[in-house]
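Coordinates in review
Chain by chain, the residues:
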Amino acid sequence: MNFSRKALIGIPYVWLLVLFLVPFLIVFKISLSDYAISIPPYTPTLDTTNGWWAGIRELWAGWDFENFVFLTQDDLYWKAYLSSLKIAVIATLLTLLVGFPIAYGMASAPPEWRTSLLMLVILPFWTSFLIRVYAWIGILSNEGFLNQFLMWTGITSEPLVILNTDWAVYIGIVYTYLPFMVLPIYSSLEKLDESLIEAALDLGCTRIGAFWSVTIHLAKPGVIAGSFLVFIPTLGEFVIPSLLGGSKTLMIGKVLWEEFFSNRDWPVAAAVAVILLMILIVPIVLFQQNQQKQREAAK
Amino acid sequence: MNNAQFAPWEDPAAKPLIEFKGVTKNYGTFTAIDNIDLKIYPREFFALLGPSGCGKTTLMRMLGGFETVTKGSITIDGEDMAGIPPNKRAVNMMFQSYALFPHLSVADNLAFGLKRSDMPKSEIQGRVEEMLRLVKLQKFAGRKPHQLSGGQKQRVALARALAKAPKLLLLDEPLGALDKKLRQETQFELMDIQEKTGTTFVIVTHDQEEAMTVASRIAVMDDGKLVQVDTPDRIYEAPNSVYVADFIGDVNIIEGGVSNVSGEAAELSWSEGKPAIKGVSGERIQKGSSGAFAIRPEKIAISRDKPVDVHNCVQGVVEDIAYLGNMSTYYVRLDNGSLIKAQTANSRRIARRGLTWEDSVWLSWTDTAGIILPT
């Protein structure tokens, strides 16, 4: 292998090292430290007044897994992890439920429409994410557009309480992450040869049977990719639960934020982050394997 | 189906498997199929031949149940097919793209239709193996479609369409994606399988050579209409129109006026001061109307000296020679400017052939070699 090829392959590894591994090690280091009222707000820090070697030894001696043990003692944390997992799983399923028909509709639309439909799906990205989530407050609140509309039509006599509940969080997540679900499913459905459906019909399937035994099967890589793309960021989601969710909506992203900025307990916050990453590694590895399998199947 | 006795279309008592009665298909204002009447008989290998856009694929897809009929009716085995979906028809189709399910192995592709039929589970395995043997793919049962070559995919598609033992098999350009040599081999395999299984085949193709090779009868289509439905030899030797003569194989067309018609024979005056061409009279020609003389290049003899005892002979100059190996085509320019192709088999070595460029030659043919058609 020549040098330029090695250098080319090296770029992503350098990228990972500088932007992922190094920050992670710093966070991990903080998670092993203790809380202190100082700048930075943790101890020990590297002190080289007695020389580098002594400083590092002192640092090593000061590290322990106290914060991780603490996370297991206070039930807030594992409840937050579990609650996040639950919300992420349900939100992913809801997004799939909403996203699949949209992707299917787009893929079945006449080709000259598809570009415009694709554009419509991507269009919301042109506005800031934060503003779009804020807009939902205006829609979902007790005096919001939705309740005003429902009461005007007479469907309900009293406003529905949606904002500051888990429902608002689900609505926010489904809305925000929908394109991540729609686009991979659309791309796998778009490649689907119409004659495969006809072949299934020809061989004795009903319309619905052909959909189950052919369309769903061939959309599977897109469904898997889309689900991971929604699940992974949702698990650590912070903005949506803190803006739309109520005080009862427990998500680990919110806990992490409060630990860092309200409590200013960096070591515990860092430990929360490390555990979150450990949990996320499982789906990320699964996702990678799925992508790998797809690439091999495409060969 | 080169069996001389097999000609149910000539037997008025024979019961057709498929019958089209006044079938019309409109897409908005566009007429894809224009009032077609056609009977196809059991065990036939029937070819729908025509240029792209002539409606041949639409006609076949109607049999499969993928297109509805705007007007008229289609019956298969006496049963009216209107409103019957593809999955309820004893008809299977081999798709142009093969349409093999990419997520299923070869064996599972073959079993797909059987699992959805009323065949008992215990018999499915045996039937799949039988089909694998039929197309000689026993070793590939476990492969996925993307691990197969084009020719293998084609055979899996054929086996899958035959697995349910349909009354009628539809083949949409089945050999279009294969290279020429493989295509020729596969044509004979197709005929072989058709004879072995006794299934009625309807094939759509734009390749006239393929249609000539495999079919018992050919329907030549143009613009949503059937121009001629006949056996390959009749289509070639006795086309009913200039369109058919021109579409099938190579042909020389000489235009003129019909000067005489008497029974099977007719005459065409084509150039002033020259004797009229004698030929077989085609359908619907009338004395005094315009007509065209059509003759195949291989039916024209070429010689340096004027042949004796032959009525049809014209003089010209060799303008070009196409050497094709087994035969040569001579392009001869006549006095009136028209270009005539004459073909001779190269039974002698190239050095011993007498003719070369710019030679003055005589072209001649017998009174029954060509046909006079209406224009």
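Residues numbered from 1 in each chain as written. Chains lettered and ligands numbered in written order. Predicted model: local features only at pLDDT ≥ 70, side-chain atom pairs only at ≥ 80, totals over all residues. Heavy atoms only, no water.

Thoughts on the interface of chain A and chain B
Across the boundary between the two partners, chain A contributes 18 residues, which contact 20 residues of chain B. Between chain A and chain B the total buried area reaches about 1700 Å² when both faces are included, carbon and sulfur atoms providing 61% of it. Of all residues in chain A, Glu198(A), Asp202(A) and Leu203(A) give up the largest surface area on contact with chain B, accounting jointly for 41% of the area buried on that side. Along the contact surface separating chain A from chain B lie one salt bridge. Here Arg61(B) ties to Glu198(A) by a salt bridge, and the two come within 2.6 Å at their closest N and O atoms. In this assembly, chain A and chain B are joined by nine residue pairs in polar contact (both at pLDDT 80 or more). Here the side of chain A that touches chain B gets seven residues from one element, more than from any other, and that element is helix H9 (residues 194-202) of chain A. (Contact = heavy atoms within 4.5 Å. Buried area = accessible area lost by both parts, 1.4 Å probe. Salt bridge = Lys/Arg side-chain N within 4 Å of Asp/Glu carboxyl O. Polar contact = N/O pair within 3.5 Å; in protein donor to acceptor, adjacent residues only side chain to side chain. Helix = DSSP H or I, 4+ residues; strand = E, 2+ residues; numbered from the N terminus.)

Things to note about the UniProt feature "domain: ABC transporter" (unreviewed entry) in chain B
Residues given the UniProt feature "domain: ABC transporter" (unreviewed entry) here are residues 18-248 of chain B. Across residues 18-248 of chain B one finds 36% helix and 26% strand; the C-alpha atoms that close the span lie 25 Å apart. (UniProt positions renumbered as here; feature names shortened; annotations may be inferred.)

Looking at the packing of helix H6 (residues 129-140) of chain A against helix H8 (residues 166-190) of chain A
Residues and elements named next belong to chain A. H8 packs onto H6 with a crossing angle of 140° between their chain directions and a minimal axis gap of 11 Å. Considered as vectors, H6 and H8 are oriented oblique to each other. As for the relative orientation of H6 and H8, their crossing is right-handed in sense. Facing Phe129, Arg132, Val133, Trp136 and Leu140 of H6, the residues of H8 in contact are Ala168, Ile171, Tyr175 and Thr176. Grouping the constituent residues of the contact of H6 with H8 by class yields seven nonpolar, one polar and one charged. (Axes fitted to C-alpha atoms, helices over the stretch in contact; angles between N-to-C directions. Parallel < 35°, antiparallel > 145°, perpendicular 65-115°, else oblique. Left-handed = near helix turned anticlockwise from the far one by under 90°. Nonpolar A, V, L, I, M, F, W, Y, C, P; charged D, E, K, R; others polar.)

Re the domain arrangement of chain B
According to the domain assignment, chain B consists of domain 1 (8-237) and domain 2 (252-374). Centre-to-centre separation of domain 1 of chain B and domain 2 of chain B, based on C-alpha positions: 39 Å. (Domains from an automatic or database assignment.)

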